Amino acid sequence: KITFSALELPKPSSIIEKDYQQLLEILAESRMKMASEFDSSHTETVDYYTLWAHQIKTPIAAMRLLLQSGDENDSEEMLEQLFKIEQYVEMVMQFLRIDSMSSDLIIKKQPLDDIVRQAVRKYSKLFIRKKISLDYKPLNCEVLTDEKWLTFVIEQVLSNSLKYTLKGGISVYMDERLPKTLVIEDTGIGIRSEDLPRVFEKGFTGYNGHADKKSTGIGLFLCKRILTKLSHTIAIESTVGVGTRVKIGLDTVNDAND
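What you see is a predicted model, and the numbers here were worked out from it, not measured in a lab. (Residues numbered from 1 in each chain as written. Predicted model: local features only at pLDDT ≥ 70, side-chain atom pairs only at ≥ 80, totals over all residues. Heavy atoms only, no water.)

**Brief notes about the sheet that holds strand S4 (residues 169-174)**
Step number 1: Overall, mixed pairing links the five strands, which are arranged S2-S4-S5-S7-S6 in an open sheet. Strands at the two margins of the open sheet, each flanked by one partner only, are strand S2 (133-136) and strand S6 (233-239). The sheet shows a mean angle of 15° between the axes of neighbouring strands, direction not considered.
Step number 2: Its contacts with the sheet put helix H3 (residues 112-122) on S2, S4 and strand S5 (181-186), and the angle it makes with S2 is roughly 175°. (Pairing = 2+ DSSP bridges. Helix = DSSP H or I, 4+ residues; strand = E, 2+ residues; numbered from the N terminus. Axes fitted to C-alpha atoms, helices over the stretch in contact; angles between N-to-C directions. Contact = heavy atoms within 4.5 Å.)

See the structure below:
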């Protein structure tokens with residue numbers, strides 16, 4: 001790499017030379033900053049691909065074993081493993097798109113019921129397979145948002161709820177006290193109080209994530225970044241052994257002024 005130092009330049013003999021040297025220093029600093037940002041972005045992408053590649057090996061290996069067994073009764077299990085692969089692929093695609101997300105947004109008023117039901121339908125077979133009940137209360141709410149990106153977030157939250165809920169059910173409803181706040185609540189294993197402040201950090205899995213060897217700690221990180229870009233919020237309340245409550249705040253400045 002070519003570096004620049006003011007010590008490499010001769011002492012200016014005039015005001016014009018001094019000005020030119022200052023311009024060169026500014027350009028050099030700008031170049032170094034851009035190179036540093038690129039290296040950071042590249043490292044982040046490589047780190048994520050490493051995690052993703054490791055994660056996707058599990059369903060692929062499971063599918064290979066099922067295919068080798070030749071048991072027709074395993075077809076549903078194979079479909080579930082394929083579904084997981086599709087999830088992982090979609091997650092990495094959203095990760096790659098998120099930096100240019102602003103140019104991809106289509107912000108308009110959307111019926112929240114349509115968006116949430118779309119996400120619920122995607123996981124309907126998994127609800128049935130795991131024997132997890134769904135308590136869905138009509139939301140009757142319009143939100144100013146991007147349908148595709150918000151649907152992805154809700155899918156991620158539902159996916160987490162289903163992954164960590166071994167029995168009981170998942171409830172979807174609007175918070176009665178907070179404006180335009182969607183709640184997705186489960187009866188899962190919960191999150192430890194000391195882990196809650198860090199659940200949105202990239203790569204953080206916490207105690208429960210360590211128990212689930214396939215967890216990469218990317219889902220909630222993406223949810224937080226996406227919702228921030230959409231001017232929405234997300235908060236999580238949880239008790240170990242009782243369950244988790246995710247609150248997605250969909251109120252915006254424009255909504256408040258309506």
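So much for the structure itself; the text now carries on.
**With respect to unusual backbone geometry**
Step number 1: Of note, Asn140 is a non-glycine position whose phi angle comes to about 45°, a positive value.
Step number 2: Within the secondary structure, Asn140 is located in the loop between S2 and strand S3 (142-146).
Step number 3: In this model, Lys180 sits at a positive phi of 45°, which is unusual for a non-glycine residue.
Step number 4: One can find Lys180 in the loop between S4 and S5.

**Quick word on helix H2 (residues 75-97)**
Step number 1: With 23 residues, H2 extends 33 Å between its outermost C-alpha atoms, agreeing within 8% with the 33 Å of an ideal straight helix rising 1.5 Å per residue.
Step number 2: Inspection of H2 places Met78, Glu80, Gln81, Phe83, Ile85, Gln87, Tyr88, Met91, Val92, Gln94 and Phe95 among the buried residues, and these make up the whole buried set. (Expected span 1.5 Å × (residues − 1). Buried < 20%, exposed > 50% of the residue type's maximum accessible area, 1.4 Å probe, protein only.)

**With respect to the packing of helix H5 (residues 147-164) against helix H7 (residues 219-229)**
Step number 1: Running from N to C, H5 and H7 point in directions that differ by 150°, and their axes come no closer than 10 Å. Taken as axis vectors, H5 and H7 run roughly antiparallel relative to one another. Handedness of the H5/H7 crossing: left-handed. On the side of H5, the interface is formed by Trp149, Leu150, Phe152, Val153, Gln156 and Asn160, while H7 contributes Gly219, Leu220, Leu222, Cys223, Ile226 and Leu227.
Step number 2: Here the contact of H5 with H7 is built from residues that sort into nine nonpolar, three polar and no charged. (Parallel < 35°, antiparallel > 145°, perpendicular 65-115°, else oblique. Left-handed = near helix turned anticlockwise from the far one by under 90°. Nonpolar A, V, L, I, M, F, W, Y, C, P; charged D, E, K, R; others polar.)

**What to know about the pattern of salt bridges**
Step number 1: Under the definition given, this model contains 10 salt bridges.
Step number 2: For the salt bridge of Lys122 with Glu90, the shortest nitrogen-to-oxygen distance reads 2.9 Å. Note that Lys122 is positioned in helix H3 and Glu90 in helix H2, a separation of 32 residues in sequence.
Step number 3: You can call Glu90 partly exposed: its relative accessible area is 29%.
Step number 4: Each member of the salt-bridge network shares a partner with another, and the members are Asp175, Glu185, Glu237, Arg245 and Lys247. (Salt bridge = Lys/Arg side-chain N within 4 Å of Asp/Glu carboxyl O.)

Everything listed is a geometric property; what it means functionally is a separate question.
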